[in-house]
Amino acid sequence: MRFFFTRHSRELHRQCAEWFLACRHRLMAYTEQQVDSLTDAEHLLSVVMGKVIAAIVGRNLPQEEWLPYTYTAIRNAAINQKKKNARRLEAELKYGADEPSAVELPDSDIYEHLRHQLSCLPQLSSRIVRMRIWEELSFAEIGRQLNMPESTVRARYQSALLQLRKFYTEDLA
């Protein structure tokens, strides 16, 4: 019986892979609509597809349910990612300084407000903040990717947080 399950499982994995290759452009376009950048979309889709394939094999879902299940999984993962990123950036802004800010944004506006403020920063500073918070890279990893010393990356990150904190309090005053 184990041999049958293993062979059946392999066959289902192969069918899933073929289905994904046939639908990948449509799924990628949908994923890009759900997130902020192509990099985020690629990462999110790869993570979601691993989970979707595991669910398809584990639950033995019929093929007509694969596409709606995948769209739902992508949407839910994108929503969770946006919430996580907004909470992380808000915490960095709030508690990153010696004195925490007393100003709080309403939950529904946090993400859009912070996203707008990031676009007001110089491009390199914005990129460093995004890499540190969204991609969860260390200062050393960011430095390697940008070909900069770790201390410079750290200083630019701290400076960007101070600017964001200033925007954060000025806009709400």
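For clarity, every value in this text was computed on a predicted model and none was experimentally measured.

Visitor: Quick one: what's the story with the environment of Q117, residue by residue and with numbers?
Guide: Relative to the elements of secondary structure, Q117 occurs in helix α4 (residues 107-120). Here the alpha-carbon distance between Q117 and Q163, two residues 46 residues apart in the chain, equals 9.1 Å.

Visitor: Please give an account of helix α6 (residues 139-146) that cites residues and values.
Guide: Those residues of α6 not exposed but buried are F139, I142, G143 and L146. Taken around the axis of α6, the buried residues stretch over an arc of 100°, which confines them to a single face.

Visitor: Could you give an account of the side chain of S126, naming the residues involved and the relevant values?
Guide: The topology assignment puts S126 in helix α5 (residues 123-133). Of note is the side chain of S126, whose polar atom sits 3.4 Å from the backbone oxygen of L118. Not counting residues within four places of it along the chain, the set of residues in contact with S126 comprises L118 and L121.

Visitor: Just give me the short version of the confidence of the model for the protein, but keep the residues and values in it.
Guide: In this model, the protein carries a mean pLDDT of 78, and residues with pLDDT of at least 70 account for 83%. Per-element averaging of pLDDT across the protein places α4 at the bottom with 70 and α6 at the top with 87. The low-confidence segment residues 1-5, where pLDDT is below 50, has zero contacts with residues more than four positions distant or belonging to other chains. Within the model, pLDDT remains below 50 along residues 97-107, and this stretch shows 18 contacts once partners closer than five positions in the same chain are excluded.

Visitor: Explain the pattern of salt bridges to me, and be specific about the residues and the numbers.
Guide: Side chains that carry opposite charge are capable of pairing whenever their charged atoms lie near each other. All told, the structure shown has four salt bridges when counted by the stated rule. In this structure, the salt-bridge partner of R14 is E18, at a minimum N-O distance of 2.3 Å. Residue R14 and its partner E18 are both found in helix α1 (residues 2-34); the two are separated by four residues, about one turn of the helix. Between K84 and E136 there is a salt bridge whose closest N-O contact spans 3.1 Å. Of this pair, K84 sits in helix α3 (residues 66-95) while E136 sits in the loop between α5 and α6; the two residues are 52 residues apart in sequence, bridging distant segments of the chain. The class of K84 is partly exposed, set by a relative accessible area of 38%.

Visitor: Can you lay out the packing of aromatic side chains for me, pointing to particular residues and giving the numbers?
Guide: Tallying each qualifying case throughout the model produces three aromatic pairs. Look at F139 and Y157: their rings are 5.3 Å apart centre to centre, the planes differ by 65°, and that puts the pair in the edge-to-face class. Of the two residues, F139 sits in helix α6 while Y157 sits in helix α7 (residues 150-172), which places them 18 residues apart along the sequence. Exposure class is identical for F139 and Y157. Each is buried. Over the aromatic face of F139 sits the side chain of R132, whose NZ or CZ is 4.2 Å from the ring centroid.

Visitor: Residues and numbers for the nonpolar core, please.
Guide: If you look at the biggest cluster of nonpolar residues, it comprises 22 residues, and the most contacted ones within it are L27, L44, M49, I56, W66 and I74. For this core, the elements supplying multiple residues, two or more each, are α1, α2 (38-59) and α3. The element that contributes the greatest number of residues to this core is α2, accounting for nine residues. Core analysis: the second largest hydrophobic core is formed by 21 residues, L89, I128, M148 and L164 among them.

Visitor: Tell me about the environment of D36, residues and numbers included.
Guide: With respect to the helices and strands, the residue D36 is situated in the loop between α1 and α2. Judged by its relative accessible area of 29%, D36 is partly exposed. As for D36 and A78, which are separated by 42 residues in sequence, their C-alpha atoms are 9.7 Å apart.

Basis of the calculations
Residues numbered from 1 in each chain as written. Predicted model: local features only at pLDDT ≥ 70, side-chain atom pairs only at ≥ 80, totals over all residues. Heavy atoms only, no water. Helix = DSSP H or I, 4+ residues; strand = E, 2+ residues; numbered from the N terminus. Buried < 20%, exposed > 50% of the residue type's maximum accessible area, 1.4 Å probe, protein only. Arc of directions from axis to C-beta. Polar contact = N/O pair within 3.5 Å; in protein donor to acceptor, adjacent residues only side chain to side chain. Contact = heavy atoms within 4.5 Å. pLDDT = per-residue confidence, 0-100. Salt bridge = Lys/Arg side-chain N within 4 Å of Asp/Glu carboxyl O. Phe/Tyr/Trp six-rings, centres within 6.5 Å; stacked < 30°, edge-to-face > 60°. Lys NZ or Arg CZ within 6 Å of the ring centre and 35° of its normal. Core = buried A, V, L, I, M, F, W, Y, C linked by side-chain atoms within 4.5 Å.

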